[in-house]
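Read off the chains here:
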Amino acid sequence: MEPVFRTLEIAASVAVRAAGTKITFEGLENVPARGGAVVAINHTSYIDFLPAALGTYQRKRRIRFMIKAEMQDVRIVNLLIRRTKTIPVNRRAGGEAYVEAVRQLKAGELVGVYPEATISRAFVLKDFKSGAARMALEAQVPIIPCIVWGAHRIWTKDHPKQLRRNKIPFTVRFGRPLPPTGTAAELEAALKDQMSAILHEVQLAYPHPAGEYWVPEALGGGAPSLQEAKRLDEAELAERARRAREHH
């Protein structure tokens, strides 16, 4: 039953209704009814995990997310991590998290990962890390591409949160499962190709007013280009490193 996870599911559903958010789920048949799978999610928002998890919940499945280990420093979050089989990832040494993710996949769990690792300020796919492909191959489970669109209008980098009742719609689409075959590089490339195609289709079907900060540059929006976003990411990392040096 997992009472803590069930409480979170109820709270998330209530929060979505309170915000007036309509979530459109597509491709739910691509989420396996049982057995392990990597759920690879695009990353544009601090909350894209929520609609993705509500999507698999439609299939009576739960995602065990991989999240940055720093979240364990927050007492209540650390409690939730331990009670929901969430997998903390130390970005400097992620080997232990990788082993745990493979163990859970072999045990029949869905493990949620962000192949881009960090939020895309451009709202298109960044370069992928190889972890999703490698763990799928090692555990011999499929990868389920998952595109979440709309959550970045609620809370993303460089913009204020919009947590009031705003009726912002979300789209969640699960793509065709990719079998665990070939090399990690080949599987990663296939995953990115499929996720890019799905993301583009979802973006085209979603209203995209010209000039809006949350609309990608290629669709006439005000979001930075991938190159500009990369420069912003590098500046952010440099500032974070500077603060760390000062702290120590």
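Structure: see above.
Predicted model, so just to flag it, every value in this text is computed and none were measured. (Residues numbered from 1 in each chain as written. Predicted model: local features only at pLDDT ≥ 70, side-chain atom pairs only at ≥ 80, totals over all residues. Heavy atoms only, no water.)

Trainee: I tried to follow the overall build of the chain on my own but got confused; where do I start?
Mentor: Of the regular secondary structure elements, the chain holds seven helices and seven strands. When the helices and strands of the chain are placed in sequence order, the string is α-β-β-α-β-α-β-α-β-α-β-β-α-α. The globule rule puts the C-alpha radius of gyration for 248 residues at 18 Å, and the 18 Å found for the chain is close to it. Among the 248 residues that make up the chain, the fraction classed as buried is 45%. In the chain, of all internal contacts separated by at least 6 residues, the share reaching a separation of at least 24 is 74%. (Helix = DSSP H or I, 4+ residues; strand = E, 2+ residues; numbered from the N terminus. Rg over C-alpha atoms; globule rule 2.2 N^0.38 Å. Buried < 20%, exposed > 50% of the residue type's maximum accessible area, 1.4 Å probe, protein only. Contact = heavy atoms within 4.5 Å.)

Trainee: Hey, could you run me through the side chain of Arg 61 in this one?
Mentor: Relative to the helices and strands, Arg 61 is located in the loop between α2 (49-57) and β3 (63-68). For Arg 61, which is buried and forms no salt bridge, the nearest opposite charge comes from Glu 109, at a distance of 5.4 Å. Reaching out from Arg 61, the side chain makes a polar contact with the backbone oxygen of Gly 108 at a distance of 2.9 Å. Beyond its immediate sequence surroundings of up to four residues, Arg 61 is in contact with Val 31, Pro 32, Ala 33, Arg 34, Gly 35, Thr 56, Gly 108, Glu 109 and Leu 110. (Lys, Arg positive; Asp, Glu negative; His and termini not counted. Salt bridge = Lys/Arg side-chain N within 4 Å of Asp/Glu carboxyl O. Polar contact = N/O pair within 3.5 Å; in protein donor to acceptor, adjacent residues only side chain to side chain.)

Trainee: What's the story with the sheet that holds strand β4 (residues 87-89) in this structure? I'm lost.
Mentor: Each strand in a sheet pairs with its neighbour through backbone hydrogen bonds, running either in the same direction (parallel) or in the opposite one (antiparallel). Spatially, the seven strands line up as an open sheet ordered β1-β7-β6-β2-β5-β3-β4, and their pairing is mixed. Lying at the two open borders of the sheet, with one neighbouring strand each, are β1 (23-26) and β4. Within this sheet the neighbouring strands show an average axis-to-axis angle of 20 degrees, counted without direction. Lying on the sheet, α2 is in contact with β1, β2 (37-41), β3, β5 (110-113), β6 (143-149) and β7 (170-174); it crosses β7 at an angle near 55 degrees. (Pairing = 2+ DSSP bridges. Axes fitted to C-alpha atoms, helices over the stretch in contact; angles between N-to-C directions.)

Trainee: Teacher, can you tell me more about the pattern of salt bridges here?
Mentor: In the structure shown here, the tally under the stated rule is 18 salt bridges. With its nearest N and O atoms 3.6 Å apart, the salt bridge here joins Arg 62 to Glu 2. Separated by 60 residues along the polypeptide, Arg 62 in the loop between α2 and β3 and Glu 2 in the segment before α1 (3-18) bring together distant segments of the chain. Classification of Glu 2 as partly exposed rests on a relative accessible area of 22%.

Trainee: So what exactly am I meant to see when it comes to the packing of α1 against α2 here?
Mentor: The packing of two helices is summarised by the inter-axis angle and the distance between the axes. Two elements in contact, α1 and α2, have axes separated by 11 Å at closest approach and are oriented at 115 degrees. Taken together, the axis directions place α1 and α2 in an arrangement best described as roughly perpendicular. Crossing angle aside, the handedness with which α1 passes α2 is left-handed. Across from Arg 6, Glu 9, Ala 12, Ser 13 and Val 16 in α1, the residues of α2 making contact are Leu 50, Leu 54 and Tyr 57. Residues that form the contact of α1 with α2 fall into these classes: five nonpolar, one polar and two charged. (Parallel < 35°, antiparallel > 145°, perpendicular 65-115°, else oblique. Left-handed = near helix turned anticlockwise from the far one by under 90°. Nonpolar A, V, L, I, M, F, W, Y, C, P; charged D, E, K, R; others polar.)

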